Amino acid sequence: MKKLLGISLGIVTSIGGFLDVGSIATSAQAGAAFGYALLWAVFRGTLCVIFLVEMSGRFSIVSGHTITDAMRKRFGFAAFIIPFAATQLVNLLVLASEIGGICVALQLLTGIGFQVWAIPVAGALWLLLWVATFDVVEEGTALLGLVTLCFLVAAFVLGVQPKELAAALVPSLPTQERAHYLYLAVSIIGATIAPYLFLFYSSGAIEDHWDKSYITANRWIATIGMSFGGLISMAVIVVAALALKPAGIRVEDYEQAALMLVPAFGGWGFYLFVASLAIACFGAALELSLASAYSVSQAFGWNWGENLRPRQAARFSSAYTIFIALAALIVATGLNPMKLTLFSMAITAVILPLTAMPFLVLMNDPHYMREHVNSRFSNYVVIFIVLLSALMALVAIPLEIVASK
């Protein structure tokens, strides 16, 4: 029974990390601008993240180490510090985007500017992390996040055509706005394969004391959890394509995105969107704060754990406190939340090889994995998608900058 309940770790990772401000923003823009055409990006990202999350759980189960801790020991601190610093910087930008998403949801609900909400939202995140256990964060977010199923319901209500969906899983280039199309594609992939997802999952497996009896359960947890998140992300694209594109509505801000559920649910659609945005972003912000604090603590050999009292892991608690405070300050400056989100997701795709490639080295090291090393197929899938996504990002970001001037 406990192994079956362990599915919640996969579900919370998919809802609170997979479906977040990045997935909602990029998918809404993609559907409104290009219809179903970018479904392939979600599919490819989901396939890769299923492999990475399964690997991260298997690694922690077999080796007894988290990914960050093992990278530091395997490669040495001098080689480890550059990818570590790059990942933490991107985590900070993404955390600011998540807090910004919550603040925008509150702005949509109250009419009060999103900047005003930055400090109160940060305070609420910090307080929950300060007093809650890992299970409370994990299971509470999973249950509340089920509201995002409204996108799946809306897709069927609006009349999605399965044949068109299947055709969109094959990559293609539009005749117009190619720079923006590529930029959205890499932003979607960055939102889908965010490094903090598998770093959080690895640490969560240690927090939950998974042993080798969880090897099979871990595979199912990763597959079901990530597939669930990918399915909802695809539903966001579909709903935007059916509700916004025919009306000629381009999603430049969250105000336009908030209209996508109205054709399916009437006036309640607006509130369902606000609730979905706020809850998904809140869950992702909790995960990001924990993942960042986990990584910093593990990198420097500090005591860590959400199940420990703050005084038992003072530097761990200080780490997430600092991350939340810095992210809130970024939001309070008034940067456009939608633009910040898209840029953060695109940069995530750029730096992904810095985390994923060393991780693959660990997954093929018999010292850590014994007989549970990666298969060649797993290696090839991750290497192909990660490197291709990074190359696309390096091309797409400059093109988008030039096109937007």
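Note: the structure precedes this text.
Residues numbered from 1 in each chain as written. Predicted model: local features only at pLDDT ≥ 70, side-chain atom pairs only at ≥ 80, totals over all residues. Heavy atoms only, no water.

Q: When you look at the overall build of the chain in this model, what are you seeing that I'm missing?
A: Across its full length, the chain carries 20 helices and zero strands. Expressed along its principal axes, the backbone C-alpha trace of the chain runs to roughly 55 × 45 × 45 Å. Buried positions account for 59% of the 405 residues belonging to the chain. Taking as baseline every contact in the chain between residues at least 6 positions apart, the subset at least 24 positions apart corresponds to 85%. On the chain, roughly 15,600 Å² of surface is accessible, and the fraction owed to carbon and sulfur atoms is 69%. Averaging the positions of the 20 positive and the 20 negative side-chain charges in the chain gives two centres separated by 7 Å. (Helix = DSSP H or I, 4+ residues; strand = E, 2+ residues; numbered from the N terminus. Buried < 20%, exposed > 50% of the residue type's maximum accessible area, 1.4 Å probe, protein only. Contact = heavy atoms within 4.5 Å. Areas by Shrake-Rupley, 256 points an atom, 1.4 Å probe, with all protein chains shown as cover. Lys, Arg positive; Asp, Glu negative; His and termini not counted. Charge placed at Lys NZ, Arg CZ, Asp CG, Glu CD.)

Q: Just to check I follow, could you spell out a nonpolar patch on the surface for this structure?
A: Together, Ile119, Ile322, Leu326 and Leu329 make up an exposed nonpolar region whose accessible area comes to about 380 Å². Tallying contributions element by element places helix H17 (residues 314-332) first for the nonpolar patch, with three residues. Tracing the backbone through its elements, the reader meets Ile119 in helix H7 (residues 114-131). Taking relative accessible area as the criterion, Ile119 reaches 52% and is therefore assigned exposed. (Patch = residues over 30% accessible without salt bridge, like charges linked within 9 Å, V, L, I, M, F, W, Y side chains within 5 Å. Salt bridge = Lys/Arg side-chain N within 4 Å of Asp/Glu carboxyl O.)

Q: In this structure, what is going on with the packing of helix H6 (residues 77-110) against H17? I would like to understand it.
A: Think of two packed helices as two axes; the pair is described by the angle between the axes and how far apart they sit. Running from N to C, H6 and H17 cross one another at 60°; their axes reach a closest spacing of 8 Å. Our classification of the angle between H6 and H17 gives oblique. The handedness of the crossing between H6 and H17 comes out as right-handed. Two secondary-structure elements touch here, H6 through Gln88, Leu92, Leu95, Ala96, Ile99, Gly100 and Cys103 and H17 through Phe323, Ile324, Leu326, Ala327, Ala328, Ile330 and Val331. Along the lines of polarity and charge, the residues of the contact of H6 with H17 split into 12 nonpolar, two polar and no charged. (Axes fitted to C-alpha atoms, helices over the stretch in contact; angles between N-to-C directions. Parallel < 35°, antiparallel > 145°, perpendicular 65-115°, else oblique. Left-handed = near helix turned anticlockwise from the far one by under 90°. Nonpolar A, V, L, I, M, F, W, Y, C, P; charged D, E, K, R; others polar.)

Q: Sorry, what's going on with helix H4 (residues 39-63) here?
A: Each turn of an α-helix holds 3.6 residues, which means side chains three or four residues apart point in the same direction. Look at H4: 36 Å from first C-alpha to last across 25 residues, which is about the 36 Å you get at 1.5 Å a residue. In terms of residue burial, H4 counts as a mostly covered element, since 23 of its 25 residues are buried. (Expected span 1.5 Å × (residues − 1).)

Q: Please clarify how the side chain of Thr348 should be interpreted in this entry.
A: Mapped onto the secondary structure, Thr348 falls in helix H18 (residues 337-363). Reaching out from Thr348, the side chain makes a polar contact with the backbone oxygen of Ser344 at a distance of 2.7 Å. Apart from residues no more than four positions distant in its own chain, Thr348 is found in contact with Val90, Val94, Gly190, Ile193, Ala194 and Pro195. (Polar contact = N/O pair within 3.5 Å; in protein donor to acceptor, adjacent residues only side chain to side chain.)

Q: What am I meant to see in unusual backbone geometry here?
A: Glycine aside, residues mostly have negative phi, and peptide bonds are mostly found in the trans state. We note that Glu177 has phi near 55°; this positive angle belongs to a residue other than glycine. Looking at where Glu177 falls in the secondary structure, it is placed in the loop between helix H10 (162-167) and helix H11 (178-192). A positive phi angle, near 50°, is found at Arg370, a position not held by glycine. One can find Arg370 in the loop between helix H19 (366-369) and helix H20 (376-404).

Q: Could you clarify how one ought to interpret the packing of helix H3 (residues 21-34) against helix H13 (residues 215-243) in this entry?
A: Contact geometry of H3 with H13 gives a least axis separation of 7 Å together with a crossing angle of 35°. Remark: the crossing between H3 and H13 carries right-handed chirality. Note on element contacts: H13 touches H3 through Ser233, Val236, Ile237, Ala240 and Ala241, opposite Ser23, Ile24, Ser27, Ala28, Gly31 and Ala32. Counted by class, the contact of H3 with H13 contains seven nonpolar, four polar and no charged residues.

Q: So what exactly am I meant to see when it comes to the packing of aromatic side chains here?
A: The description of two aromatic rings rests on the distance between their centres and on the angle between their planes. Evaluation of the coordinates by the stated rule reveals 19 aromatic pairs. Consider the rings of Tyr201 and Trp210, whose centres lie 5.9 Å apart with planes at 80°: the pair is edge-to-face. For Tyr201, a relative accessible area of 0% gives the class buried. By relative accessible area, Trp210 is classed as buried at 9%. In textbook terms, an aromatic cluster arises when at least three aromatic residues are bridged by ring pairs, as seen for Phe77, Phe80, Phe84, Phe300 and Trp302. (Phe/Tyr/Trp six-rings, centres within 6.5 Å; stacked < 30°, edge-to-face > 60°.)

Q: Please explain the state of the cysteines as it appears in this structure.
A: Note on terminology: disulfide describes a covalent bond linking the sulfur atoms of two cysteines. Using the criterion set out here, one finds zero disulfides in the structure. Take Cys103: it sits in no disulfide, and the sulfur closest to it among the cysteines is that of Cys281, at 9.6 Å. (Disulfide = S-S within 2.5 Å.)

Q: Explain the side chain of Thr66 to me, please; I cannot follow it from the model alone.
A: Considering the arrangement of structural elements, one finds Thr66 in the loop between H4 and helix H5 (67-75). For Thr66, the side chain forms a polar contact with the side chain of Gln298, separated by 2.8 Å.

Q: Would you take a moment to explain the environment of Tyr36 for this structure?
A: Relative to the helices and strands, Tyr36 is located in the loop between H3 and H4. Spatially, the C-alpha atom of Tyr36 lies 23 Å from that of Val386, the residues being 350 residues apart in sequence. Filtering out sequence-adjacent residues up to four positions away, Tyr36 remains in contact with Val160, Gln161, Glu164, Leu165, Ala168, Ile237, Val238, Ala241 and Leu242.

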